[in-house]
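Structural overview for review
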Amino acid sequence: MSNERSTFMAIARTAAPLYVTTLAASAGSLVDTVLLGRHATASLAAFAVAVAVFAPATATVAGALRGVMPFITPHRDDPDALLPLVRSGMWLAFAVGGVCAAAVAAVPLIGGLWGVQPAVLHQLGPLPWMLAASVLLIAVGNSATSVLVALGRSAQVMRSGLVGTAVSVTLSVLLVGGLGPLPSYGLTGAGVAMLAAGLISTGLNQLALRRGTVLTGRSLRPGLPDPRRVLRLAAVGIPLGGTVLVKFSVLGVLTFAAARISTDAAAVHGVSESLVNVIFTAAVAVGQSTVPLIADYAARRDLRSVRGSVGAGVRVALSAVTVLGAALLALRGPVVGLFTTDASLSHQVMRLLPLVLAVVVADALQAVAGFALVGLKRTGPSLVSTAVWFGVLAVLAVPVGDTYGLTGLWAALACANLLQAGTKTFSFLRHSRRIVGGTDRTVVAGPAGGTTTGTSTGAGSGATSGGGAAGPESRGDLL
């Protein structure tokens, strides 16, 4: 029982800084939206078009680079083995970040193909290029973040993220809003703020990697790439990034299906999605926190501890979702009031809340199962599961929305998440048995050279973070 409790607390302590980082970043982007809305409606519309490509691009980058984590943990105390992995992770960041940055730079072209009004596209100015540069910076930053999290340095990730967000908010207020006598630069100011925030947070994470880990004193310049090693990392990371991209795409289809129902339905759907994201990112942080534990135990062929870590992750995720969900229900009036002053719209959102919470719970379960597969370096099944069930959801979204309205649409989303949770859990159980070779070794090194059993997280387990917590990763994009 004490071992289970220590694993539970370790995961919770590691996940908390990541959740705070994600919430701060979300608040920062909300400031940009508010300021641009006050600046000019056309600027806000152009920003929405750019973010429609920028958001999935950065989420894909973050997802792909999470695939580095399970390779790092087994070598956390061996700088000679760790250094080539860190350098290869940077090359993976350059490759994935370059592709995603090109997509963001092509926003004017993509918008034109989708029929966005030329007047809106004209408002973009240099913003797509600044956001493309931000994507590259985020990619390099995430290559360091994944390593820091796997080494148990999630608090440093939080500090870097909070400083970056503070810079973004400050520059947005100064450059977008034009504080006092200062001129307002609109979208260009927003782009400068986002670029500066990315540069600072990436720099701080890279600095932490160089000065606060076993790599201190070693050059982290990427040098020439090792294609085989980069491809090994990509084999885990790319399917993970693809999973995120599929989910973003299908959620876009759901938004379209909601908009077909009515204007009110589209607004209710948008508010409900925002509420889901605030709660669900806690589950994402928890899932990331289990990856180093699982990777370490899998490397030592300790099947019971591998599965015990996932069980602890599920309990932490459900606890977090329950607490946040209960807070939402208790404060539903003031919370929903932040999004709309329309009494009819508020009532519709509140009526949908039980389904919203059901979606979050199912999503939390599938996220933890998905990250469990990341710890085993088996992300293909996660991509297949999401592609299948969300593919079915995409096909059914419009007819379900037209027939059963928003309630039917959200019920279908809850079912798709639950089916994902089931298939990913099955895949995890199957692959964990294969990887460990069916050997349930429960004896692991204890803190004083002795032995412990079960899901011990003693020294040498590779699951410690700062003061003994397990390690994870950042950004609340979706898995």
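The structure this text deals with has already been given above.
Residues numbered from 1 in each chain as written. Predicted model: local features only at pLDDT ≥ 70, side-chain atom pairs only at ≥ 80, totals over all residues. Heavy atoms only, no water.

Thoughts on the packing of aromatic side chains
- Applying the stated criterion to the full structure yields 1 aromatic pair.
- With a centroid separation of 5.4 Å and 85° between ring planes, the pair formed by W91 and F94 is classed as edge-to-face. Residue W91 and its partner F94 are both found in helix α4 (residues 79–105); the two are separated by 3 residues, about one turn of the helix.
- A relative accessible area of 27% places W91 in the partly exposed class.
- With relative accessibility at 31%, the residue F94 sits in the partly exposed group. (Phe/Tyr/Trp six-rings, centres within 6.5 Å; stacked < 30°, edge-to-face > 60°. Helix = DSSP H or I, 4+ residues; strand = E, 2+ residues; numbered from the N terminus. Buried < 20%, exposed > 50% of the residue type's maximum accessible area, 1.4 Å probe, protein only.)

Examining the pattern of salt bridges
- Inspection of every chain in the model, using the stated rule, returns 7 salt bridges.
- Across the salt bridge formed by D77 and R76, the nearest N and O atoms sit 3.8 Å from each other.
- A relative accessible area of 16% places R76 in the buried class.
- Here R76 and D296 are joined by a salt bridge, their closest N and O atoms 3.3 Å apart. Residue R76 is located in the loop between α3 (69–72) and α4, and its partner D296 is located in helix α11 (residues 263–299); the two are separated by 220 residues in the primary sequence.
- For D296, a relative accessible area of 3% puts it in the buried group.
- Residues joined by salt bridges that share partners form a network here, namely R76, D77, D296 and R300. (Salt bridge = Lys/Arg side-chain N within 4 Å of Asp/Glu carboxyl O.)

Some points on the side chain of D363
- Within the element layout of this structure, D363 appears in helix α14 (residues 343–375).
- There is a polar contact of 2.7 Å between the side chain of D363 and the side chain of Q366.
- Not counting residues within four places of it along the chain, the set of residues in contact with D363 comprises K247, F280 and N417. (Polar contact = N/O pair within 3.5 Å; in protein donor to acceptor, adjacent residues only side chain to side chain. Contact = heavy atoms within 4.5 Å.)

A look at a nonpolar patch on the surface
- Among the surface-exposed residues, V384, V388, V392, V395 and L396 lie close enough to one another that they form a single nonpolar patch of about 430 Å² accessible area.
- With respect to the element layout, V388 can be found in helix α15 (residues 380–436). (Patch = residues over 30% accessible without salt bridge, like charges linked within 9 Å, V, L, I, M, F, W, Y side chains within 5 Å. Areas by Shrake-Rupley, 256 points an atom, 1.4 Å probe, with all protein chains shown as cover.)

Structural notes on helix α2 (residues 41–66)
- Along its 26 residues, α2 runs 37 Å from first to last C-alpha, staying within 8% of the 38 Å computed at 1.5 Å per residue.
- The axis of α2 is deflected most strongly, by about 30°, at V51.
- For α2, the buried fraction is high: 19 of the 26 residues fall into the buried class. (Expected span 1.5 Å × (residues − 1). Bend = angle between axes of the 7 residues up to and from the residue.)

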